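Structural overview
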Amino acid sequence: MREGWKISTLGELCKFENGDRGKNYPGRKAFVPSGIPFINAGHLDDGKIDWQGMDFIPQNRYDLLGNGKVQKFDLLFCLRGSLGKFGFVDRDIEGAIASSLVIVRPSEQLECDFLAAYFRSALCAEMISKYANGAAQPNLSAKSLKEFQIPFPPIPEQKRIVAILDEAFAGIDTAIANTEKNLANARELFESYLLSAFENKDENWEVKKWGDLCQFVRGPFGGSLKKSMFKDQGYAVYEQKHAIHDHFNQLRYFIDENKFKEMKRFEVKSGDIIMSCSGVTLGRVAIIPDNIPRGIINQALLKLTPNKLISVHFLKYWLRSKIFQDIIFKHSGGAAIPNVPSAKILKEIVIPLPCLKEQEQIVNSIEMLLTETKRLHAIYQQKLNSLKELKQSLLQKAFSGELTAEADKLIDEAVA
């Protein structure tokens, strides 16, 4: 610890105020289109407060609250659910907090921005891990938050540190935004190429009904495949997640040989395609690879067995294209939870189809671009990880008294 620095608890350096949990606490029925902001964890975003997406309560309900009323320069900290999220009240405004939040008001010994930096740091994350309760939904009490230890220097040094961090984080955030844009551009380029591969069809291409190119087998009805029938080992039961993520490990369910024989028509074989049949992942597909455990599909999947007229890889990429995705969701009926339409409808969907040789050429072109897209994705993702790690490195230096103007060199190298 450098000279002039101290270590205290947040309880010694800040005042804390919980939201009003009494009979006057406003439930959702009390919300109005405009009025006094009522802030919950969903409004906290990386140290800021989303004032645009705010909920409101009427003035008379606000006046009834005994505590939990915010002031300018307050820090709002989430104690459960999104544990550790926080936001800074940057304006002079009337407002109240939900019961999941606590107001933290720094004393004259602590700069608000310095405390905000602490809430972003690994040091605070360690304190959360130490004091948090609950497994499924970790939570923290205001009493425990008061026990968090924070190293701090005199106010002038706090201001110097905050100024360095502000400048550094602005540069890092710009680099992150540019990298995320490059990442999105790489994805969009591939999706655009995939779309054009099937839109710009040659006049020699045929138009075939999907039913003339594949056999369709929808997964068994729920009653014929219940969890009570599953065994610890045996023949695999492939699930929706295998189509969604295009991998075939992490098998959870198995059936015995008698059940497998009974459900033989649902067996998957190398070269089949499985498709997710419901939810936002409707239409996600994967090809069954060689050498996976023998097994069947469950009720959330559709099995497609292509015939000799169509390459399984050509079909896979057509199914992954925006053309098919638009079709499948159009036929899903517009329900809250989209579901695959009947096989009768699916079989009538038309596919533009070149000869097999051209299908393979198209697949090769798509896969070359996909390989390059994955390479760029890995580069950009590593860049994002490095930039986020740099933020934590700077925060670690800040709270150990080692942050100097020399940090600029480190930042310049990272964002280049």
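Right above here is the structure, for reference.
Note that the coordinates shown come from a computational prediction; the quantities given were computed from them, not determined experimentally. (Residues numbered from 1 in each chain as written. Predicted model: local features only at pLDDT ≥ 70, side-chain atom pairs only at ≥ 80, totals over all residues. Heavy atoms only, no water.)

Considerations on the overall build of the chain
- Secondary structure assignment for the chain yields 13 helices and 20 strands.
- The C-alpha extent of the chain, read off along each of the three principal axes, is 80 × 55 × 45 Å.
- When burial is assessed residue by residue, the chain has 44% of its 416 residues classed as buried.
- Sequence separation of at least 24 residues holds for 77% of the intrachain contacts in the chain that already meet a minimum separation of 6.
- Total accessible area on the chain stands at roughly 22100 Å², and carbon and sulfur atoms take up 50% of it.
- Across the chain, the 55 positively charged side chains and the 51 negatively charged ones have centroids separated by 8 Å. (Helix = DSSP H or I, 4+ residues; strand = E, 2+ residues; numbered from the N terminus. Buried < 20%, exposed > 50% of the residue type's maximum accessible area, 1.4 Å probe, protein only. Contact = heavy atoms within 4.5 Å. Areas by Shrake-Rupley, 256 points an atom, 1.4 Å probe, with all protein chains shown as cover. Lys, Arg positive; Asp, Glu negative; His and termini not counted. Charge placed at Lys NZ, Arg CZ, Asp CG, Glu CD.)

Observations regarding the packing of helix α3 (residues 112-120) against helix α4 (residues 122-131)
- Following both chains from N to C, one finds α3 and α4 inclined at 60°, their axes separated by 5 Å at the closest point. Judged by the angle between their axes, α3 and α4 are oblique. From α3, Tyr118, Phe119 and Arg120 reach across to α4, where they touch Ala122, Leu123, Cys124 and Met127.
- Considering only residue class, the contact of α3 with α4 consists of six nonpolar, no polar and one charged. (Axes fitted to C-alpha atoms, helices over the stretch in contact; angles between N-to-C directions. Parallel < 35°, antiparallel > 145°, perpendicular 65-115°, else oblique. Nonpolar A, V, L, I, M, F, W, Y, C, P; charged D, E, K, R; others polar.)

Points about the pairing of strand β7 (residues 75-78)
- Of the two faces of β7, the one lined by Leu75 and Phe77 and the one lined by Leu76 and Cys78 are each fully buried.
- Here four bridges tie β7 to strand β10 (residues 101-106), and the two strands are oriented antiparallel to one another. Across the sheet, the residue bridging to cysteine 78 is leucine 101, located in β10. (Pairing = 2+ DSSP bridges.)

Focus: the environment of valine 32
- Mapped onto the fold, valine 32 is located in the loop between β2 (14-18) and β3 (36-39).
- With 26 residues separating them along the chain, valine 32 and proline 58 place their C-alpha atoms 6.6 Å apart.
- Discounting residues that sit within four places of it in the chain, valine 32 has contacts with Phe56, Ile57 and Pro58.

Section: the pattern of salt bridges
- Scanning the model with the defined rule gives 16 salt bridges in all.
- As a salt-bridge pair, aspartate 90 and arginine 91 come within 3.1 Å of each other at their nearest N and O atoms.
- For aspartate 90, a relative accessible area of 40% translates into the label partly exposed.
- For arginine 91, a relative accessible area of 34% translates into the label partly exposed.
- Put simply, Glu17, Asp74 and Arg105 are held in one network by salt bridges that share partners. (Salt bridge = Lys/Arg side-chain N within 4 Å of Asp/Glu carboxyl O.)

Brief notes about the sheet that holds strand β19 (residues 301-306)
- An order of β13-β19-β16-β17 is seen for the four strands of this open sheet, with the pairing classed as antiparallel. Edge positions in the sheet fall to β13 (214-218) and β17 (285-287), since each has one partner strand and no second. Each adjacent strand pair in this sheet contributes to an overall mean axis angle of 20°, direction not counted.
- Alignment of strand β16 (residues 273-276) against β17, held across three bridges, turns out to be antiparallel. Its bridge partner being in β17, methionine 275 is matched across the sheet by valine 285.
- On top of the sheet, helix α9 (residues 312-320) reaches β13, β16, β17 and β19; it is set at about 165° to β17, its chief contact.

Notes on the layout of surface pockets
- Each pocket or cavity is described by its volume, and for the largest pocket that value is around 570 Å³.
- Lining the largest pocket are 22 residues; nearest its centre among them are Phe190, Glu191, Arg284, Arg320 and Leu370.
- Taken together, the elements giving at least two residues each to the lining of the largest pocket come down to α6 (155-199), α7 (240-245), α9, α10 (322-330) and α12 (356-398).
- Along the lines of polarity and charge, the residues of the lining of the largest pocket split into ten nonpolar, five polar and seven charged.
- Considering only enclosed or pocket space, the second largest pocket measures out at about 440 Å³ in volume.
- Lining the second largest pocket are 20 residues, and of these Asp46, Gly47, Lys48, Arg120 and Asp166 sit closest to its centre.
- Going through the elements one at a time, β5 (48-49), β8 (86-88), α3 and α6 are the ones with two or more residues in the lining of the second largest pocket.
- The element that contributes the greatest number of residues to the lining of the second largest pocket is α6, accounting for six residues. (1 Å grid on protein atoms, 1.4 Å probe; cavity = no way out; pocket = protein on both sides within 12 Å on 5 of 7 lines; lining within 4 Å. Points joined across faces, edges and corners; volume = space filled by probe spheres on them.)

Everything listed is a geometric property; what it means functionally is a separate question.
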